[in-house]
Each structure stands twice: as structure tokens, then as C-alpha cells.
Amino acid sequence: MIKKHQIYKKDKWNMMTVEINGTRFVLREISDQFGEECHTFLSRPALMKWVSERFPKEKFAGNEDEWSAIMEAFKKV
């Protein structure tokens, strides 16, 4: 059984989801600039390491609420 979690969705072309398939985490990032990128992680720590590198807090200066919402969504996965 595959469980799907939506991390964020700004519109039809800018979204991020995580699918849990057994012990694998499949992250799909869809953007209007780059199309669809897919990353597969074998553990939750590996996923969270990627998240901390992809969404550094400094990048969200002045918009900490958005960063907090993204981090909270990943912690619920």
C-alpha cells in the first residue's frame, strides 16, 4: 500500500509530494521551471538530510512561516 503526503502545493505546476512505498520514500517535486524531479530515499534520516539541504532556513529569511510549514509537513511523513 502506498501512502501519499502533500508537502506543499502552490498551484497546478508547483508542488511537492512524498509517497511511502514499504520502506522507500519517493519524493516528487514538480515545478514550472524544471518539470518533474523524482528522488528515492531508503530511510527517513536520509530524506530529512536532503530536506535540510534543499530548504535551508536562511533562504526563507522574512518568510519563516512558510519554512515552518514545510518542515512540519516533512515531520508528519
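Let me begin by describing the structure that accompanies this report.

### Describing the sheet that holds strand S4 (residues 35-41)
Phase 1: Judged by pairing direction, the sheet is antiparallel, and its four strands sit side by side in the order S1-S2-S3-S4 without closing on themselves. Of all strands in the sheet, those bounded by a partner on one side alone are strand S1 (2-11) and S4. Averaged over all neighbouring strand pairs, the angle between strand axes comes to 15°, with direction disregarded.
Phase 2: As paired elements, S1 and strand S2 (residues 14-21) share eight bridges and run antiparallel to each other. Across the sheet, the residue bridging to Lys-3 is Ile-20, located in S2.
Phase 3: In this fold helix H1 (residues 44-54) packs onto S2, strand S3 (24-31) and S4, with an angle of close to 25° to the strand it touches most, S3.
Phase 4: Across the sheet, helix H2 (residues 64-76) touches S1, S2 and S3, and the angle it forms with S1 is around 170°.

### Side note on the packing of aromatic side chains
Any aromatic ring pair is given by two values, namely how distant the centres are and how the planes are angled relative to each other.
Phase 1: Taken as a whole, this structure holds three aromatic pairs when the rule is applied.
Phase 2: Ring geometry for Phe-41 against Trp-50: centres 5.9 Å apart, planes inclined by 55°, an arrangement best described as tilted. In this pair, the class of Phe-41 matches that of Trp-50, namely buried.
Phase 3: Summarising the aromatic geometry, the rings of Phe-55 and Phe-60 are spaced 6.3 Å apart at their centres and angled 40° between planes, so their arrangement reads as tilted. This pair shows no difference in class: Phe-55 is buried, exactly as Phe-60 is.
Phase 4: An aromatic cluster is defined as three or more aromatic residues linked by ring pairs; in this entry it consists of Phe-55, Phe-60 and Phe-74.
Phase 5: Sitting over the face of the ring of Tyr-8, Lys-10 holds its NZ or CZ atom 5.7 Å from the ring centroid.
Phase 6: Between Arg-54 and the ring centre of Phe-55, over which it is positioned, the NZ or CZ distance is 4.8 Å.

Calculation criteria
- Residues numbered from 1 in each chain as written.
- Predicted model: local features only at pLDDT ≥ 70, side-chain atom pairs only at ≥ 80, totals over all residues.
- Heavy atoms only, no water.
- Pairing = 2+ DSSP bridges.
- Helix = DSSP H or I, 4+ residues; strand = E, 2+ residues; numbered from the N terminus.
- Axes fitted to C-alpha atoms, helices over the stretch in contact; angles between N-to-C directions.
- Contact = heavy atoms within 4.5 Å.
- Phe/Tyr/Trp six-rings, centres within 6.5 Å; stacked < 30°, edge-to-face > 60°.
- Buried < 20%, exposed > 50% of the residue type's maximum accessible area, 1.4 Å probe, protein only.
- Lys NZ or Arg CZ within 6 Å of the ring centre and 35° of its normal.

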